[in-house]
Amino acid sequence: MPGLFSVEGKTVLVTGGSRGIGLMIARGFAEAGANVIISSRKAEVCEAVAAELSTVGSCVAIPADLSSTDGAERLAASVLARTPRLDVLVNNAGATWGAPLESYPEAAFDKLWAVNVKAVFRLTTALLPGLRAAASADDPARVINIGSIDGLRVPWMEVYAYSATKAAVHMLTRSLAHQLASEHITVNAIAPGPFESKMMAFALDDPTTRASIEGQVPLGRIGRPDDMAGTAIYLSSRAAAYLTGAVIPVDGGITTRG
């Protein structure tokens with residue numbers, strides 16, 4: 001079955017690709033022979049990471065702030081000006097906010113709705129011309145949304161807006177999958193558990209807290225970069241050409257506990 005999991009030569013955009021889970025995915029695609037575009041807010045960081053990834057594969061940077069509709073549309077325009085076809089869109093850029101229940105600010109819902117949900121929708125729709133140009137019945141174009149297990153079960157932290165918006169990402173994934181299937185564009189989501197990232201650093205950098213989190217994972221460890229990259233590559237390869245509308249927990253089994 002040669003090439004079943006190959007993404008070689010595919011053009012891939014990864015938002016939030018300069019750190020954390022986005023960087024894990026971008027590096028995996030670059031090492032697998034894809035032509036990678038990464039985007040993130042901070043231009044200097046984005047350019048530096050793209051230069052680093054260029055040592056292991058093909059990667060360029062297009063900095064963008066996805067907290068507004070204009071930012072999403074400008075990024076889409078820049079991508080389509082560079083390449084008329086986009087094989088894979090990874091909507092990874094996101095934000096979180098934790099605070100006690102009675103002091104949880106309304107601003108958290110406004111910010112996280114804009115970044116975690118609206119940006120996914122606006123960027124996907126703005127990039128449809130490129131996705132349609134790449135799509136075929138045998139090899140659909142792919143959209144991969146990064147959700148969270150906190151959108152599948154009640155989180156152990158007080159992150160009310162985050163968990164609500166990630167649940168929204170999962171439902172948006174299913175809605176887009178249904179709408180775009182006839183155009184040979186698949187839409188799936190990955191729901192990560194604990195991985196090394198800026199969002200999780202406050203917990204994972206503390207040995208006691210880290211051990212506690214590992215103890216909640218049936219497989220007994222924190223996620224590794226290959227765990228995340230491998231799932232994204234699978235969803236983008238011929239192996240997943242018949243899969244759409246799925247939300248895949250990559251969590252070491254945490255969601256098996258409900």
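Residue indices follow the written sequence of each chain, beginning from 1 at its first position. In keeping with the model being predicted, local features are shown solely for residues with a pLDDT of at least 70 and side-chain atom pairs are shown and tallied solely at 80 or more, while totals for entire chains, interfaces and linings include all residues. Only hydrogens and water are removed before side-chain values are computed, so all heavy atoms of the structure are retained for them.

- As recorded in an unreviewed UniProt entry, the protein goes by NAD(P)-dependent dehydrogenase, short-chain alcohol dehydrogenase family and comes from Micromonospora pattaloongensis.
- Under the UniProt heading Sequence similarities (unreviewed entry), the entry covering the protein gives this text: "Belongs to the short-chain dehydrogenases/reductases (SDR) family." UniProt positions are given in the numbering used here, feature names are shortened, and annotations may be inferred rather than shown by experiment.

**Examining the packing of helix 4 (residues 106–126) against helix 6 (residues 160–180)**
- Angles here are taken between N-to-C directions and fall from 0 to 180 degrees, while the axes themselves are lines fitted to C-alpha atoms, restricted in helices to the stretch in contact. Under the DSSP-based scheme used, a helix requires at least four consecutive residues in state H or I and a strand at least two consecutive residues in state E, with every element numbered from the N terminus. Relative orientation of the contacting elements helix 4 and helix 6 amounts to 20°, with a least axis distance of 9 Å. When the interaxial angle is binned, helix 4 and helix 6 end up roughly parallel. By crossing handedness, the relation of helix 4 to helix 6 is classed as right-handed. Only Y160, A161, Y162, T165, K166, A168, V169, L172 and L176 of helix 6 make contact with helix 4, whose side of the interface consists of A108, F109, L112, W113, N116, V117, V120, F121 and T124. Throughout this description, any angle smaller than 35 degrees is read as roughly parallel, any larger than 145 degrees as roughly antiparallel, any in the 65 to 115 degree range as roughly perpendicular, and the remainder as oblique. Crossing handedness is defined as follows: a turn of the near helix away from the far one that is anticlockwise and smaller than a right angle gives a left-handed crossing, while the clockwise case is right-handed. Contacts between residues were defined by any pair of non-hydrogen atoms, one from each residue, lying within 4.5 Å.

**A word on helix 4**
- If you check helix 4, its first and last C-alpha atoms are 28 Å apart, about what 21 residues at 1.5 Å a residue would give, namely 30 Å.
- Maximal helix bending in helix 4 amounts to about 45°, located at K118.
- Each element contacted by the buried residues of helix 4 is listed here: strand 1 (11–15), helix 3 (69–82), strand 4 (88–91), helix 5 (128–134), strand 5 (141–146) and helix 6. A helix's residues, less one, multiplied by 1.5 Å, set its expected span. One axis fitted to the seven residues ending at a residue, another fitted to the seven starting there: the angle between these axes is the bend at that residue.

**Looking at the pairing of strand 1**
- In terms of residue burial, strand 1 counts as a mostly covered element, since 5 of its 5 residues are buried.
- Burial classification: accessible surface area is computed with a 1.4 Å probe over protein chains only, and a residue below 20% of its type maximum counts as buried, one above 50% as exposed, and the rest as partly exposed. Judged by which residues are buried, strand 1 turns out to be covered on both faces: T11, L13 and T15 on one side and V12 and V14 on the other are all buried.
- For strand 1 and strand 2 (residues 35–39), the ladder comprises 5 bridges, and the chain directions are parallel. Within strand 2, the position partnered with T15 by the bridge is S39.
- Seen with its strands pointing away from the viewer, a crossover is right-handed if its path from the first strand over the helix to the second goes clockwise. Taken together, strand 1, helix 1 (residues 20–31) and strand 2 constitute a β-α-β crossover, and its handedness is right-handed.
- Only strands that DSSP links by at least two bridges are regarded as paired with each other. Here 3 bridges tie strand 1 to strand 4, and the two strands are oriented parallel to one another. Directly across from V14, in strand 4, lies its bridge partner V90.

**Here's the deal with the environment of T244**
- Turning to its location among the elements, T244 is positioned in the loop between helix 9 (225–236) and strand 7 (247–250).
- Those residues in contact with T244, other than ones at most four positions away along the chain, are A177, I185, T186, V187 and N188.
- Side-chain polar atoms of T244 contact the backbone nitrogen of V187, separated by 3.0 Å. What qualifies as a polar contact is a pair of N or O atoms within 3.5 Å, subject to a donor-acceptor requirement within protein and to the restriction that residues adjacent in sequence count only when both atoms come from side chains.

**Notes on a positive patch on the surface**
- Nonpolar side chains (Val, Leu, Ile, Met, Phe, Trp, Tyr) within 5 Å and like charges within 9 Å form the patches, drawn only from residues with over 30% relative accessible area and no salt bridge. To measure how exposed things are, a 1.4 Å probe is used in the Shrake-Rupley method; for residues, cover is taken only from the protein chains shown. Take a side-chain nitrogen of Lys or Arg and a carboxyl oxygen of Asp or Glu: if they are within 4 Å of each other, that pair is a salt bridge. Neither His nor the chain termini are counted; the positive set is Lys and Arg, and the negative set is Asp and Glu. Just so you know, the charge point we use is NZ for Lys, CZ for Arg, CG for Asp and CD for Glu. Together, R19, R41, K42, K111 and K198 line one region of the surface with positive charge.
- Within the element layout of this structure, K198 appears in the loop between strand 6 (185–192) and helix 7 (201–204).

**Observations concerning helix 3**
- Here helix 3 spans 20 Å end to end across 14 residues, near enough to the 20 Å set by a 1.5 Å rise per residue.
- Taken together, the buried residues of helix 3 touch strand 1, strand 2 and helix 4.

**Remarks on unusual backbone geometry**
- With a phi close to 60°, H184 is a non-glycine residue in the positive phi region.
- By the element assignment, H184 lies in the loop between helix 6 and strand 6.

**Comments concerning the sheet that holds strand 7**
- Taken in spatial order, the 7 strands of this open sheet run 3-2-1-4-5-6-7, and their pairing is parallel. Each having just a single partner strand, strand 3 (58–61) and strand 7 make up the two edges of the open sheet. Put simply, the sheet's adjacent strands are angled 20° from each other on average, direction ignored.
- Looking at chain direction, strand 4 and strand 5 are connected through 4 bridges and run parallel. The partner of L89 across the bridge, within strand 5, is V143.
- Against the sheet, helix 9 engages strand 4, strand 5, strand 6 and strand 7, with an angle of about 165° to strand 6.

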